[in-house]
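Structural characterization, general
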Amino acid sequence: MTSAVSSDVGVAGPADPVAVVHRHLIRDASPGAPPERPVPVVARQQGARIETRDGRVVLDAASGGFGGAHPRVRAAIADQARRVALSSRILVSRPLAGAVAALAEFCPGPLSVSYLCNSGDEALDSAFKLAKGTHPDRPHPLGIRGEDFGALSHGRALGRGSAVLPGAPLRPRTVSADAPEELLERVDESVAAVVIAPAAPGRPLRRLSHDWWVALRERCHRTGALLVLDERRTAPAGSAARSAPARSASSRTSSSWARRWAPTPCPWASR
């Protein structure tokens, strides 16, 4: 790859790659947004310890998985790279085929489609696209304002309650975390999907009652809106015995949560 040319200096020359990335990050320009803080630059990671380029050490409490440089993960990557470095969507990849077969066996049937992603944020963004593909004439995803819906464009838009990019195909609607009944009232035929996490920072599982989840499921079923459960934080606590039936899973690992929350059939897209 050739070096970038900086537009921040008077003469052409190689630009600092970090500065290039920072210039092109999507910033939160909404009124009242706090000032942006410099984004740390990662130099290396071992387990949950991240060392930044300026010498700081921080604890990674967000990435999940096995942590950085886990010996079993490194060995698996090296073994796969010696055989086939990249998988193909044209030819059959044995590890990919094995992963989706294991996912289908783990989840209660019928799981007709699975889509494996590189991250939870990518899986959630794919759920937004699934909702728009299912309901191309419905412009609105619905969620709780201010919660984390990932770092990609559709998720960021739902978190802030307004589109990040001009002309975006989805125009989010949000309600306050203190007004869950309002969310139920706003599920109508203009909503492509309701996107919600079973729990979120500052909102424990018990905050939303069993009756509320049943009512949400029934409203989604009645209006045809997809119910997308964002389990990037809560999925490790789930179990196969309590998973809800799924028509499709946009998934990095396993699918959904709590059969008892889902008394009636409804389209689902989950992690």
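Here is a short report on the structure shown in this document. (Residues numbered from 1 in each chain as written. Predicted model: local features only at pLDDT ≥ 70, side-chain atom pairs only at ≥ 80, totals over all residues. Heavy atoms only, no water.)

1. Description of the sheet that holds strand β2 (residues 49-52)
By definition, the strands of a sheet pair up through backbone hydrogen bonds, in either a parallel or an antiparallel sense. The three strands are arranged β1-β2-β3 in an open sheet whose pairing can be described as antiparallel. One side of each edge strand has no neighbouring strand; the edge strands of this open sheet are β1 (42-46) and β3 (57-59). The mean angle between the axes of side-by-side strands here comes to 25 degrees, regardless of whether they run parallel or antiparallel. Across three bridges, β2 lies against β3 in antiparallel orientation. Bridging across to β3, Arg49 finds its partner in Leu59. (Pairing = 2+ DSSP bridges. Helix = DSSP H or I, 4+ residues; strand = E, 2+ residues; numbered from the N terminus. Axes fitted to C-alpha atoms, helices over the stretch in contact; angles between N-to-C directions.)

2. Some remarks on the packing of aromatic side chains
Counted by the stated rule, this structure contains one aromatic pair. A ring pair is formed by Trp212 and Trp213, whose centres lie 5.1 Å apart and whose planes are at 90 degrees; its orientation type is edge-to-face. Trp213 sits in the buried class, given a relative accessible area of 2%. (Phe/Tyr/Trp six-rings, centres within 6.5 Å; stacked < 30°, edge-to-face > 60°. Buried < 20%, exposed > 50% of the residue type's maximum accessible area, 1.4 Å probe, protein only.)

3. Quick word on the nonpolar core
Ranked by size, the top nonpolar core spans 17 residues in total, and within it Leu183, Val187, Val194, Ile196, Trp212, Trp213 and Leu216 carry the most contacts. Elements with a minimum of two residues in this core: β5 (140-144), α6 (180-185), β7 (191-196), α7 (210-223) and β8 (226-229). In terms of residue count, α7 provides more of this core than any other element does, four residues in total. Ignoring sequence-local partners within four residues, the contact set of Leu183 consists of Leu142, Gly143, Ile144, Val175, Val194, Trp212 and Leu216. Among the nonpolar cores identified, the runner-up in size contains twelve residues, and Ala127, Ala131, Leu170 and Val195 belong to it. (Core = buried A, V, L, I, M, F, W, Y, C linked by side-chain atoms within 4.5 Å. Contact = heavy atoms within 4.5 Å.)

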